[in-house]
Amino acid sequence: MRTTAAGDSVTARSRLTAEQLMPRDAVFVYDEFERHPSNIVAAYVFDATDTASPDYESAVGWMRDRLGFSPLFRRRLARVPGDIDMPYWVPDAAFDIREHVTAYGPEYSEWADVRRRISEITGTRMDLSRPPWELHLFGKVTDFPGRPAVTIVVLKFHHSVGDGVATRQLELTLFGGNEVLPADPAGDIGSWSAPAAAVRGLGLLPFRCVRFVRGLARTRAAAAEVAASAVREPVAHRPATRFNRGVGPDLAFDLVTFPLHDILEVKSVFAERVTVNDLLLAVVSGALADYLAERGETPPESLAAMVPISMRGIAPWNSANRLCQMSVDLHTGIADPLERLRAIRSSARDEKLRYRDAAVIRRESRVETSPAWLLRLAGWARARRVFDGVATVPLTNTTISNVPPVSERLEFLGMPVAGVFGVLPVMDGDGLRHLITSQGADLVISVSADPAMLPDPERYRELLFRSFRQLRAAIGA
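Residues numbered from 1 in each chain as written. Predicted model: local features only at pLDDT ≥ 70, side-chain atom pairs only at ≥ 80, totals over all residues. Heavy atoms only, no water.

Quick look at the overall build of the chain
The condition is simple: In DSSP terms, a helix is any run of H or I states spanning at least four residues, a strand is any run of E spanning at least two, and both are numbered starting from the N terminus. For this measure, only C-alpha atoms enter the radius of gyration; the expected value for a globule follows 2.2 Å times N^0.38, where N is the number of residues. Burial status follows relative accessibility: with a 1.4 Å probe on protein chains alone, a residue under 20% of its type maximum counts as buried, one over 50% as exposed, and anything between as partly exposed. Note on areas: these come from Shrake-Rupley sampling with a 1.4 Å probe, and a residue is covered only by the protein chains present in the view.
Along the chain, the regular secondary structure elements total eleven helices and 22 strands. Its C-alpha atoms give the chain a radius of gyration of 23 Å, within 12% of the compact-globule value 23 Å for 477 residues. With the C-alpha coordinates of the chain rotated into their principal frame, the extents come out at 65 × 60 × 40 Å. By the burial criterion, 52% of the 477 residues in the chain qualify as buried. Carbon together with sulfur atoms contributes 54% to the accessible area of the chain, which is approximately 20,600 Å² in total.

Right, here's the structure in full:
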């Protein structure tokens, strides 16, 4: 064991070797383009009321002591020549921690400026020739809502290294106050070479093709089984809205904060069993319907939301990303808040049951046997898809993602956590996205949008609050 400058114990050094991506993770590499970034951005707000602003060297030292918590910190992406096989994570011989840590000075002391910078961070694609992570430190923000002074730490990862659930688990190791810190692993640079990977890929190509054909047969059989069963499939197409067009280069986000107690109170008072997620889907549904109605753009049919569901403990997948995309009807055509909540609860329940069906899981496993060239071709086709002028879009109109907390006790350089939020990048066809996080006494809806599609975010913010008040009054809380 060794000890850091702060006196923390550190375990013995380990070796870092190359690791091939699973197809479900490689999708986020092949599917990425300028208007479809594969970024996960999480921001941690720490109470800095009685603390001096941390400097760049403190942030670098703090992060250096924690590089051993995950191999992602020292591995970069390496693609096989011709994409004849899945890419690899390989040790980065040129790793320099200072290329990954950025600290901002007094020019970023106001929340409006910090928010604009976080928007830029979220919308900018990552350089995968380096390890796919960044840490951004805003040392002293003096007008963050509800706090006199905070330090904000923004962590950015590429989606291929894991999903939102995995990110929050990593959060616990980084900010959880661990007494024992693993040593920075040594990289086994000679464990991978592009020519050797290409030769291996060519040798495995016949096997991969046979496996793909067999997997295709299994998934087609599973699809036929689903079609003949009582499983309720989501509506295939939804009416396109202003938010379902091609996005521009800009991104803006806003935070809508609710006291978690109020949300739980409404949930407990409602006579029927609902989840917090059901309530928040209903809140977003009401705000979205009202916003479009105020602009004379009420859709002819109900809208739907893409809601990620973790398949951990449900599907036997060993990828870093273990999510599927539920298509939950938002029932935006129902005016009564209670009836809309009941309808959304039923639709969400149907989708959860659908993803627990064995045949549906087998059908959703088609990517597990897909070859690299096919995933790359699918990404190429997606990049050329045009949304402007279309009357309908497949399955969903917006994203509503909910990431649960993993711990109430997080800290950074001695400062306790005061809040957590995330920011989703917008993408073609999905120009309005919601990410829900909770930490301590607050529940936060982070609303990301293309500012050309949502030029008045303050109005949408007001409508979210109003939608909750209407729902709360209808329930009688």
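Some words on the packing of aromatic side chains
Stated formally: For this analysis, a ring pair means two rings from Phe, Tyr or Trp (six-membered ring only for Trp) whose centres lie within 6.5 Å, classed as stacked if their planes differ by under 30 degrees, edge-to-face if by over 60, and tilted for the remaining angles. In this analysis the charged atom, NZ for Lys or CZ for Arg, is taken to sit over a ring once it is within 6 Å of the ring centre and within 35 degrees of the ring normal.
Throughout the structure, instances matching the rule amount to 19 aromatic pairs. Through successive ring pairs, a cluster of aromatic residues spans Y44, F46, W62, F175 and F412. Its end group placed over the ring of W317, R24 keeps NZ or CZ at 3.6 Å from the ring centre. We note R295 situated over the ring of Y291; from NZ or CZ to the ring centre the distance is 3.6 Å.

As for helix α8 (residues 337–354)
Operational definition: Expected span, for any helix, means 1.5 Å times one less than how many residues it has. For the purposes of these results, a polar contact is taken to be a pair of N or O atoms within 3.5 Å, where, inside protein, one atom must be able to donate a hydrogen and its partner to accept one; residues adjacent in sequence count only when each atom of the pair is a side-chain atom.
Look at α8: 26 Å from first C-alpha to last across 18 residues, which is about the 26 Å you get at 1.5 Å a residue. Taken as a whole, α8 has its buried residues at P337, L338, R340, L341, A343, I344, R345, S347, A348, D350, E351 and R354. Here α8 starts with a cap whose side-chain oxygen sits 3.1 Å from the backbone nitrogen of L338, and that cap is D336.

Quick notes on the sheet that holds strand β6 (residues 75–78)
We count it as follows: One requirement defines pairing of two strands: DSSP has to find at least two bridges between them.
The strand order β4-β7-β6 describes an open sheet built from three strands, whose pairing is antiparallel. Looking at the sheet topology across the chains shown, the edges are occupied by β4 (19–20) and β6. Judged from the two bridges that link them, β4 and strand β7 (residues 88–91) form a sheet pairing that is antiparallel. Directly across from E19, in β7, lies its bridge partner W89.

Notes on the pattern of salt bridges
Cut-off, in case you're wondering: Here a salt bridge means any side-chain nitrogen of Lys or Arg lying within 4 Å of a carboxyl oxygen belonging to Asp or Glu.
All told, the structure shown has 38 salt bridges when counted by the stated rule. With its nearest N and O atoms 3.0 Å apart, the salt bridge here joins R98 to E57. One end of the pair, R98, is in the loop between β7 and β8 (101–104); the other, E57, is in helix α2 (residues 56–64), with 41 residues separating them in the sequence. Its salt-bridge partner being R312, residue D163 comes within 2.9 Å of it at the nearest N-O pair. Placement of D163 in the loop between β10 (150–158) and α4 (164–175) and of R312 in the loop between β15 (304–310) and β16 (323–329) is noted, with a sequence separation of 149 residues between them. Residues participating in the shared-partner salt-bridge network are E233, E351, R354, R363 and E364.

Section: the side chain of T241
The cut-off we apply is this: Contact definition: two residues touch when any of their heavy atoms are within 4.5 Å.
Looking at where T241 falls in the secondary structure, it is placed in the loop between β13 (237–239) and β14 (252–259). Look at T241 and you get buried, because its relative accessible area is 7%. Filtering out sequence-adjacent residues up to four positions away, T241 remains in contact with L292, L303 and N397.

A few points about a nonpolar patch on the surface
This is how the line gets drawn: Without a salt bridge and with relative accessible area above 30%, a residue can belong to a patch; like charges are then joined within 9 Å and nonpolar side chains (Val, Leu, Ile, Met, Phe, Trp, Tyr) within 5 Å.
Taken together, the side chains of W373, L377 and W380 present a nonpolar region at the surface, about 350 Å² in accessible area. Along the chain, L377 falls in helix α10 (residues 372–383). Under the relative-accessibility criterion, L377 is labelled partly exposed at 45%.

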